[in-house]
Structures are given as structure tokens and as C-alpha cells.
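Coordinate analysis (summary)
The chain contents come next:
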Amino acid sequence: MGIDMESGNAYADVENVLDINKLTINSENTFSKKTSCQKPRPRPKIFSSNLTDCLALDCEFVGVGPHGKEHMVARVSIVNERGEVLLDSYVKPQKTVIDYRTTISGIRPELMESGQEYLTIRDTVRLLLQGRILVGHALKNDLMVLNLRHPKKMIRDTSHHRPIARRIRAIGTPSLKNLSKLILGEEIQTGIHDSIQDARAAMKIYLLFREDWEKSLKKLSRRSR
């Protein structure tokens, strides 16, 4: 069941999360430390006020380091169970970008320069995900570039759930593109990747398998006791 942020109780729920982390939302739409005198960092706009128990995350990367082979986050998108966008923001570079990977990522220098500060995005993602099931595809990479951890029991990664791979008779790890085409009947990643589209696809796939997926996790939990 989702949380309606337009109600007083729902807003209080988010305020409680922020309070736990000693963060507050002030009237100027910024994050700030309650005990700090430092200038507050602008926070990204949250496009939808409807938080649900499950949120899907997807990031776009650019290349840094030797030959641009290392990943750095350039765009972060989060959607809820209904596919509504909670967060979609470009991220300012933390290192020198060697390869913007524009033909795949759609990222250009001016988009990153107009984005949010990395620490602000990381704080926002962490707060949104706290206490919620995280859905995505190959989430290890997304969490790595955000330097975030999420409880393993709260992660639903569509790249690792065997019944999903079996459904399309995949050998090895299936791509999100193939899963979307063969399970949802939807074409994605036909050109430039869109992190909102990818997050929505992962969420739709999870929801199709959710009932059996959650039952299997409960069985494993009981066995391990």
C-alpha cells in the first residue's frame, strides 16, 4: 500500500525519516543538517509525492578513469509501483569524464553540469529507499556508483531471479532489454537508454513475479531459522 504524501500522516512519515537522519526539508526546498551552520545543499525536486512499499532504481553512467572504462553516475531515476517518477536528476561530475557514452547513455556535458551535486542525490536516494523494497536490474552497479548499501533481504534484482530467466529460457544473465521484450512485450533500449523507462520495466517485471517471489523468500527465511 502506498503512502499519500498529500495527507498529514504521510508527510509526517517522511519528516520522521529525515529526522532520524538529522536532515530536514525547509521552506526553500533544500536539505540541511539540523545541527550544522553550513549552507544547505539544494535538493532535487521530487516529481511525485506517492511513495509506495517498492521503488525501482536505475542509473545512467559515464566513463572515467583509464580509457573511460570505470563507471560514474550521471543520471538517477526512481519510480514507484505505478511507474510514477519520484526522482529523475542528472548528477554533476565528481571526476573528469573520459567518455560520456552519449550514443547509449544520452548524457552530454551540459546535462551533467546542470545537474545536482552528487552528495545531494545520494542523500535523497538513501532517504527514499529507507525501509522499502528496492527493485531494479543489475542493481550492484547502481548501488556501487551511488556508494550506497541496501539490505539484501530488501533487494529484488530482476537479473538474478531464476524463475524470470527460466521464463525466457535465458542462458546466463538475461538483459533487461530481452526481459522487457519477451515478458512484457515492450521494446526498450532501441537507441539511447532512458533510466526512467528501464526502472519502469524492472518494476513491471517484478510485479508480475512478486507473489511467487515473495513466497519463495519467506520459505528461505523460515528454513534459515
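Below or above, wherever it landed, is the structure these notes cover. (Residues numbered from 1 in each chain as written. Predicted model: local features only at pLDDT ≥ 70, side-chain atom pairs only at ≥ 80, totals over all residues. Heavy atoms only, no water.)

A few words now on the overall build of the protein chain. Secondary structure summary: the protein chain contains eight helices and ten strands in total. Residues classed as buried in the protein chain amount to 46% of the 225 residues present. Intrachain contacts of the protein chain at a sequence separation of at least 6 include 58% that bridge at least 24 residues. (Helix = DSSP H or I, 4+ residues; strand = E, 2+ residues; numbered from the N terminus. Buried < 20%, exposed > 50% of the residue type's maximum accessible area, 1.4 Å probe, protein only. Contact = heavy atoms within 4.5 Å.)

The next subject is a positive patch on the surface. A contiguous patch of positive charge on the surface is contributed by Lys218, Lys219, Arg222 and Arg223. Inspection of the secondary structure assignment puts Lys219 in helix H8 (residues 195-223). (Patch = residues over 30% accessible without salt bridge, like charges linked within 9 Å, V, L, I, M, F, W, Y side chains within 5 Å. Areas by Shrake-Rupley, 256 points an atom, 1.4 Å probe, with all protein chains shown as cover. Salt bridge = Lys/Arg side-chain N within 4 Å of Asp/Glu carboxyl O. Lys, Arg positive; Asp, Glu negative; His and termini not counted. Charge placed at Lys NZ, Arg CZ, Asp CG, Glu CD.)

Put simply, helix H7 (residues 176-184) and H8 touch, their axes get as near as 10 Å, and they point 50° apart. Our classification of the angle between H7 and H8 gives oblique. The two elements H7 and H8 cross, and the hand of that crossing is left-handed. Contact residues: Leu176, Leu179, Ser180, Ile183 and Leu184 in H7; Asp198, Ala201, Ala202, Lys204, Ile205, Leu208 and Phe209 in H8. Of the residues belonging to the contact of H7 with H8, the class tally is nine nonpolar, one polar and two charged. (Axes fitted to C-alpha atoms, helices over the stretch in contact; angles between N-to-C directions. Parallel < 35°, antiparallel > 145°, perpendicular 65-115°, else oblique. Left-handed = near helix turned anticlockwise from the far one by under 90°. Nonpolar A, V, L, I, M, F, W, Y, C, P; charged D, E, K, R; others polar.)

In terms of nonpolar packing, the biggest core is built from 23 residues, with Val135, Ile164, Ile183, Ile205 and Tyr206 touching the most fellow members. The dominant element in this core, judged by the number of residues it contributes, is H8, at nine residues. Excluding residues that lie within four positions of it along the chain, Ile205 makes contacts with Thr158, Ile164, Leu176, Leu179, Ser180 and Leu184. Residues Leu57, Phe61, Val145 and Leu148 belong to the second largest nonpolar core, which totals 22 residues. (Core = buried A, V, L, I, M, F, W, Y, C linked by side-chain atoms within 4.5 Å.)

Following the criterion strictly, the structure yields ten salt bridges and no others. Notably, a salt bridge pairs Glu84 with Arg82, separated by 3.4 Å at the nearest N-O pair. Arg156 is the partner of Glu214 in a salt bridge, and the nearest nitrogen-oxygen pair spans 2.7 Å. One end of the pair, Glu214, is in helix H8; the other, Arg156, is in strand E10 (residues 155-157), with 58 residues separating them in the sequence. For Glu214, a relative accessible area of 18% puts it in the buried group. One connected set of salt bridges, linked through shared partners, spans Arg75, Asp88 and Asp194.

With that settled, consider the pairing of strand E6 (residues 54-64). In terms of burial, E6 is a largely internal element, eleven of the eleven residues being buried. Covered by surrounding structure in E6 are Cys54, Ala56, Asp58, Glu60, Val62 and Val64 together with Leu55, Leu57, Cys59, Phe61 and Gly63, the residues of both alternating faces. Sheet analysis places E6 next to strand E9 (residues 133-136), joined by three bridges and oriented parallel. Following the sheet pairing, Ala56 is matched in E9 by Val135. Relative to strand E7 (residues 70-79), E6 is paired through nine bridges, and the arrangement is antiparallel. (Pairing = 2+ DSSP bridges.)

Let us now look at helix H5 (residues 139-146). Listed in full, the buried residues belonging to H5 are Leu139, Asp142, Leu143, Val145 and Leu146. Buried residues in H5, looked at end-on, bunch into an arc of 165°, giving them a common side. Away from the buried face of H5 by more than 90 degrees, exposed residues Lys140 and Met144 are located. Against the buried residues of H5 lie E6, E7, helix H4 (118-129), E9 and E10. (Arc of directions from axis to C-beta.)

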